[in-house]
Amino acid sequence: GIPGSKLERLLTILVQGRRDPETTPIDAQQVDDDVEAFYKAAKGFGTDEATFFRLLGSRSRKHLAAVAARYPQLKKGKELDDVIKSEFSGKLEDACRFLLLGSIRMGKVVAKLIRHAVKGAGTDDDLLILTVIQHHDTAAMRDASIEYESKYGKTLARAIKGDTSGNYERALL
């Protein structure tokens, strides 16, 4: 990437590891304040990316889920995910949406990652292995199985079996 790029600034925030712990109680006033901060950061000409990066990179997933749920209540039905889609593009949009959607619907994100790993010619083995290892024993994997079958018309296990074999297949399933 380009030194100083917007994506690099977001990644720098993420690798600093300053995300609030998931055990932090949800503060309703902080949720409302963050809704307003996201709204102001997207309002008018240009986007205040620093605010998006700071909030997406530092708030707990539980808190971000509460902000995403509250946003349409305070902002006339508009979804925070739609705001991100309108304000960002390319890899930066993908990264911001992953941070938000990973807080709300991790199963959907896991299903998309696995689909990306097994779709088309060849398998992105690194992505497939890391995704399965990271989520093998979580509610997100159970949700991903349901999401995958609903969206792609075959089970997650069948998709993985179709791109793997032998010990590799058995290890993933």
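Residues numbered from 1 in each chain as written. Predicted model: local features only at pLDDT ≥ 70, side-chain atom pairs only at ≥ 80, totals over all residues. Heavy atoms only, no water.

Novice: Tell me what's going on with the packing of helix H1 (residues 6-15) against helix H3 (residues 49-58), and back it up with residues and numbers.
Specialist: At a minimum axis distance of 9 Å, the contact between H1 and H3 shows a crossing angle of 30°. With respect to H3, the element H1 is oriented roughly parallel. Considering only the axes of H1 and H3, their crossing is right-handed. Seen from H1, the contacting residues are Lys6, Arg9, Leu10, Ile13 and Leu14; seen from H3, they are Glu49, Phe53, Arg54 and Gly57. Each residue belonging to the contact of H1 with H3 can be placed in one class, and the counts come to 4 nonpolar, 1 polar and 4 charged. (Axes fitted to C-alpha atoms, helices over the stretch in contact; angles between N-to-C directions. Helix = DSSP H or I, 4+ residues; strand = E, 2+ residues; numbered from the N terminus. Parallel < 35°, antiparallel > 145°, perpendicular 65-115°, else oblique. Left-handed = near helix turned anticlockwise from the far one by under 90°. Contact = heavy atoms within 4.5 Å. Nonpolar A, V, L, I, M, F, W, Y, C, P; charged D, E, K, R; others polar.)

Novice: Residue-level account of the pattern of salt bridges, with values.
Specialist: Applying the stated criterion across every chain yields a total of 7 salt bridges. Close ionic contact of Lys6 with Glu49 constitutes a salt bridge, the shortest N to O distance being 3.0 Å. Of the two residues, Lys6 sits in helix H1 while Glu49 sits in helix H3, which places them 43 residues apart along the sequence. A relative accessible area of 37% means that Lys6 is categorised as partly exposed. Judged by relative accessible area, which is 16%, Glu49 ranks as buried. Here Lys85 and Asp81 are joined by a salt bridge, their closest N and O atoms 4.0 Å apart. With a gap of 4 residues between them, Lys85 and Asp81 both fall in helix H5 (residues 80-87), about one helical turn apart. For Lys85, a relative accessible area of 39% gives the class partly exposed. On the basis of relative accessibility, which here comes to 12%, the residue Asp81 falls in the buried class. Here the salt bridges do not stand alone but share partners, grouping Asp81, Asp82, Lys85 and Arg97 into one network. (Salt bridge = Lys/Arg side-chain N within 4 Å of Asp/Glu carboxyl O. Buried < 20%, exposed > 50% of the residue type's maximum accessible area, 1.4 Å probe, protein only.)

So yeah, pure geometry; function would need other evidence.
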